[in-house]
Amino acid sequence: MEFSIKPIGTIHSCYTEKFGIPRQPGLVKSARGSIEMLPPCDREEMFNELESFSHIWVQFQFHEAVSDGWRPTVRPPWLGGQKRVGLFACRTPHRPNFLGLSVVRHHGLRREKGKLHLDISEQDLLHGTPVFDLKPYVPYSDVVPDASSGFARVTTRKLAVFFIPEAEERCRSYRERTKRNLRALVVEILLQDPRPASQRGSTREYGMLLWDVNIRWRANDEGFTVFAVEGHRG
Ligand code: SAM
């Protein structure tokens with residue numbers, strides 16, 4: 001049996017490349033974005049009463065993982081990339097139908113140039129991600145207080161984040177121009193330590209693209225230093 005499903009929307013995200021996206025939603029509160037609703041799902045009435053819920057489940061496709069395919073077992077980054085676990089025991093994007101599930105905060109509807117957008121934050125989605133369904137998050141049943149989280153753990157070792165003055169100034173002027181709090185976003189992402197597990201301890205330089213800006217940084221034992229904010233005017 002085969003089913004064919006069509007996207008109901010498309011993600012607009014601060015994450016314009018995969019590197020730097022946190023492992024789960026909720027970890028980077030200032031990760032903003034929106035869901036652009038596509039016809040026939042771009043009608044305000046389809047969202048009546050959603051304002052009484054703070055969060056929604058987003059069902060989507062890991063569209064940029066499709067061409068890589070999938071394997072029955074994977075090496076999750078939580079385990080330092082050493083141990084293999086079953087595909088269904090982890091949240092890898094590389095899965096048979098490449099389907100993902102994230103709880104994100106929503107900030108209501110907005111119409112811009114005729115398109116209906118649902119603004120979101122606390123998200124972990126790549127720009128351009130196709131969305132298949134939205135549902136309200138209902139804590140009375142979705143929170144499972146006695147659930148165990150297996151090998152998946154929150155990063156506990158928090159390093160400091162420094163900006164050289166020029167990078168600081170670039171973030172300030174970017175915010176003035178776009179109203180986007182780039183600095184807060186960069187700090188929250190770096191506190192999650194986006195380096196692959198095998199490169200923890202590495203002092204090499206990294207670049208990550210957020211919106212239209214390339215952020216260049218390196219890490220040492222004391223923390224992360226952002227030394228360039230490139231690719232935008234001013
Ligand atoms: N919360 C979702 C879930 O559990 O299904 C996603 C978890 S997955 C471990 C998170 C990673 O998916 C992110 O770090 C990002 O690199 C990747 N990702 C997000 N959107 C994607 C997309 N459209 N295509 C491919 N990878 C994506």
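These numbers were taken from a predicted model, which means no experiment stands behind them.

Rules of the game
- Residues numbered from 1 in each chain as written.
- Predicted model: local features only at pLDDT ≥ 70, side-chain atom pairs only at ≥ 80, totals over all residues.
- Heavy atoms only, no water.
- Core = buried A, V, L, I, M, F, W, Y, C linked by side-chain atoms within 4.5 Å.
- Buried < 20%, exposed > 50% of the residue type's maximum accessible area, 1.4 Å probe, protein only.
- Domains from an automatic or database assignment.
- Contact = heavy atoms within 4.5 Å.
- Helix = DSSP H or I, 4+ residues; strand = E, 2+ residues; numbered from the N terminus.
- Pairing = 2+ DSSP bridges.
- Buried area = accessible area lost by both parts, 1.4 Å probe.
- Salt bridge = Lys/Arg side-chain N within 4 Å of Asp/Glu carboxyl O.
- Polar contact = N/O pair within 3.5 Å; in protein donor to acceptor, adjacent residues only side chain to side chain.
- Nonpolar A, V, L, I, M, F, W, Y, C, P; charged D, E, K, R; others polar.

Structural notes on the nonpolar core
In terms of nonpolar packing, the biggest core is built from 27 residues, with L182, L185, V186, L210, I215 and V226 touching the most fellow members. Lining this core are residues from two domains, each supplying at least three of them: domain 1 (9–142) and domain 2 (160–230). Excluding residues within four positions of it along the chain, L185 makes contact with C14, Y15, V28, S30, A31, L210 and W211. Core analysis: the next-biggest nonpolar cluster, separate from the first, contains 20 residues, L50, V58, F62 and L134 among them.

Things to note about the pairing of strand β7 (residues 115–121)
Of all seven residues in β7, six are buried; the element is thus mostly enclosed. Taken together, the four bridges between strand β2 (residues 33–37) and β7 define a ladder with antiparallel strand orientation. Within the sheet, the bridge partner assigned to S34 lies in β7 and is D119. Summarising the sheet, strand β6 (residues 99–112) and β7 pair through six bridges and their orientation is antiparallel. In the sheet register, R110 faces β7, and the bridge partner there is H117. In textbook terms, the turn of a hairpin is the stretch between consecutive antiparallel strands, and for β6 and β7 this stretch comprises two residues, one of which, K113, has a positive phi near 50 degrees.

A few points about the domain arrangement of the protein
Examined at the domain level, the protein breaks down into domain 1 (9–142) and domain 2 (160–230). Computed over C-alpha atoms only, the centres of domain 1 and domain 2 are separated by 23 Å. When residues of domain 1 are sorted by the area they lose upon contact with domain 2, C14, F19 and S30 head the list and together hold 39% of the total. If you look at where domain 1 meets domain 2, you find zero salt bridges. Counting the contacts that link domain 1 with domain 2 gives six residue pairs in polar contact (both at pLDDT 80 or more). In terms of residue class, the side of domain 1 that touches domain 2 is made up of seven nonpolar, six polar and three charged.

A short note on the side chain of S202
Looking at where S202 falls in the secondary structure, it is placed in the loop between α3 (182–191) and β10 (205–210). The exposure class assigned to S202 is buried, which follows from its relative accessible area of 17%.

Notes on the environment of I8
As for its position among the elements, I8 is in the segment before β1 (9–13). For the pair formed by I8 and E36, sequence separation is 28 residues and the distance between their alpha carbons is 8.6 Å. In this view, I8 contacts E36, M37, L38, C41, V131, F132, D133 and L134; residues no more than four positions away in its chain are not counted.

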